[in-house]
Amino acid sequence: MSASGGTKAIVAALVANLSIAVAKFVAFLFSGSSSMLAESVHSLADSGNQGLLLLGGKKAKREATPQHPFGYGRERYIYAFLVSIVLFSVGGMFAVYEGYEKIKHPHEITAWYWPVGVLVFAIIAEIFSFRTAIKESNQTRGDRSWTEFVRRSKAPELPVVLLEDLGALVGLILALGGVGLALATGNGVWDGIGTLCIGILLIVIAIILAAETKSLLLGESAGLEEVEKIKAAVVDGDTVTGIIHMRTLHLGPEELLVAAKIAVQHDDTAVEIANAINAAENRIREAVPIARVIYLEPDIFNAEAAAAGTNPGKTPGAPAPQDPGAPGGPKDLGH
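About the thresholds
- Residues numbered from 1 in each chain as written.
- Predicted model: local features only at pLDDT ≥ 70, side-chain atom pairs only at ≥ 80, totals over all residues.
- Heavy atoms only, no water.
- 1 Å grid on protein atoms, 1.4 Å probe; cavity = no way out; pocket = protein on both sides within 12 Å on 5 of 7 lines; lining within 4 Å.
- Points joined across faces, edges and corners; volume = space filled by probe spheres on them.
- Helix = DSSP H or I, 4+ residues; strand = E, 2+ residues; numbered from the N terminus.
- Nonpolar A, V, L, I, M, F, W, Y, C, P; charged D, E, K, R; others polar.
- Phe/Tyr/Trp six-rings, centres within 6.5 Å; stacked < 30°, edge-to-face > 60°.
- Buried < 20%, exposed > 50% of the residue type's maximum accessible area, 1.4 Å probe, protein only.
- Lys NZ or Arg CZ within 6 Å of the ring centre and 35° of its normal.

Enquirer: Would you mind going over the layout of surface pockets with me for this structure?
Expert: Quantified by volume, the second largest pocket comes out at close to 410 Å³. Contributing elements (two or more residues each) for the lining of the second largest pocket: α1 (3-31) and α2 (34-59). Partitioning the lining of the second largest pocket into residue classes produces 10 nonpolar, six polar and nine charged.

In structure tokens, the structure reads:
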């Protein structure tokens, strides 16, 4: 995902949510609808979330320092995780509490045209914001499904905005249904039920966002397509004859670390190996431009070392454990 595409979707969502938050709060003041109050807080929380995403994007652009030699690319993940916390606490938990209170102490909605009119306006504004997020996402989504795009995207901004906008649209429909049933029946409990449903919806979305951004914070590898491109770029068939093991790690959405132990010929000179490594690094950067940090370690191919490198839980390239009864093993004391 390009940074510009993400920024455009965030700004569109920010403008929509700020205008909707003001309109919803005015409707709450005139009508007393708890759904309107929950929705106004929801929109205000969403506006704060977009501000967090913009702030994270700005901080991520800082230059690397001796204390943070790999830069600040993961700032975008941190602020996306904060968004999930805000959505859960400020949006979801507040709406659940407000819905419970309204069900326990219902009251009739007055000036019905305020909440209905604002909800219709809000739905139109959210559709505009959601459409922008979909359009920007389609530029990088490729042939992936929407579920796969949200789960596999290394850039958090567009998945966050997509889920927020989807939640906002569904929440508005729930609010409209709650207000409509409350007006039709004269029973304010329906308004509270609509508010409670909004809160549950926001909590579910917040949990999904938290789970996905947690995975990014822990550190995810490159996608399968990028991994295959890197493997093909490393081997030249002459000096570099193969890859013993390789690890990739996203330092940020658009910055990838590549570390690999490569197999070279046993009779190659140091100069030949150094030139081959430099050429391999250039090929990797051409094949996968986001591969910014590359470490290639030459070694003579060894089957046991290569096997040890296939398991992320093992030390890459470490000698395979010896059989206790084998010569040289712990039980072989040289007697």
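Still more ground to cover, so stick around.
Enquirer: Teacher, can you tell me more about the packing of aromatic side chains here?
Expert: What the rule picks out here adds up to three aromatic pairs. Consider the rings of Phe25 and Phe28, whose centres lie 6.0 Å apart with planes at 40°: the pair is tilted. Within this pair, Phe25 and its partner Phe28 are both found in helix α1, separated by three residues, close to a single helical turn. Under the relative-accessibility criterion, Phe28 is labelled partly exposed at 22%. An angle of 10° between the planes, with centres 4.5 Å apart, marks the rings of Phe30 and Trp114 as stacked. Of this pair, Phe30 sits in helix α1 while Trp114 sits in helix α4 (residues 113-141), and the two are 84 residues apart along the sequence. Residue class for Phe30 comes out partly exposed when judged on its relative accessible area of 47%. Here Arg62 stacks its cationic end above the ring of Tyr72, 3.9 Å away from the centre of that ring. The aromatic ring of Trp146 is capped on one face by Arg141, whose charged end is 4.0 Å from the ring centroid.

Function-wise, these values are silent; they only describe arrangement.
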